[in-house]
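Survey of secondary and tertiary structure
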Amino acid sequence: LDAHAATTAYTATEALAEGRSHWWRVRADNVCGDGAWSDASFFCTAGDEWGPLPTVVSISPNSATAGMMTQVVIEGGNWIDTPAVRLGDTWLLSVTVASSATLMAYVPGSLPVGTYALTVVNGDCQSVVVPDAFAVRAAASYYYLPLVIK
């Protein structure tokens, strides 16, 4: 949906699908130009039927170096649509369903050093959280000493 609103509110003109997640983000558009997009957020609509809970067996690799975008493979199952995936409060990029048991995604290089819970949110809004699933470590520091030849 690409909607322009002249106010700070927007009301959908068509009914939203039941039992599904709906994502949104906003940006300003005025005589000064287009603003930056906000972070994405989502909400879930109520539904009568839910699928099975998603499962996570592993994430590989389970660590990365700060400042470097890293591709990860998440093994598990019960995906509904393409799940949304996050580490801590950071949504992962370019999530794709590689197979019924495998998701692929990219951890942004901007994720600070630390240990993060992995959350997988299915399209029907059911989720699974794996605590301490991924770590970002500081980049190695190298020091070079001068070489003196006599």
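As the structure is a prediction and not an experimental result, all values here were calculated from the model.

Take the sheet that holds strand E6 (residues 63-65) next. Strand order in the open sheet formed by 5 strands is E6-E13-E12-E8-E9, and the pairing between neighbours is mixed. The sheet is open, and its two edges are formed by E6 and strand E9 (90-91), each paired on a single side.

Right, let's talk about unusual backbone geometry for a bit. That bond from Ser 60 to Pro 61 is cis: its omega, -10°, falls within 30 degrees of zero. With respect to the helices and strands, Pro 61 occurs in the loop between strand E5 (55-60) and E6. Backbone geometry at Ser 94 places phi at a positive 50°, although glycine is not the residue there. Topologically, Ser 94 is positioned in strand E10 (residues 93-99). Relative accessible area serves as the criterion here: at 52%, Ser 94 is assigned to the exposed category. For Cys 125, which is not glycine, the phi dihedral falls at a positive 75°. By the secondary structure assignment, Cys 125 is in the loop between strand E12 (114-121) and strand E13 (127-137). Its relative accessible area of 18% is what places Cys 125 among the buried residues.

Mapping Val 97 onto the fold places it in strand E10. A residue is classified by how much of its surface remains accessible, and Val 97, at 37% relative accessible area, is partly exposed. Taking the C-alpha atoms as reference, Val 97 lies 6.3 Å from Thr 82; in sequence the two are 15 residues apart. With near-sequence residues (within four places) excluded, Val 97 lies in contact with Trp 79, Asp 81, Thr 82, Pro 83, Thr 102 and Leu 103.

The residue Asn 122 is located in the loop between E12 and E13 in this model. Since its relative accessible area comes to 0%, Asn 122 is described here as buried. Not counting residues up to four positions away in its chain, the partners in contact with Asn 122 are Ser 21, Pro 52, Pro 54, Asn 78, Trp 79, Ile 80 and Pro 83.

The rules behind the values
- Residues numbered from 1 in each chain as written.
- Predicted model: local features only at pLDDT ≥ 70, side-chain atom pairs only at ≥ 80, totals over all residues.
- Heavy atoms only, no water.
- Pairing = 2+ DSSP bridges.
- Helix = DSSP H or I, 4+ residues; strand = E, 2+ residues; numbered from the N terminus.
- Buried < 20%, exposed > 50% of the residue type's maximum accessible area, 1.4 Å probe, protein only.
- Contact = heavy atoms within 4.5 Å.

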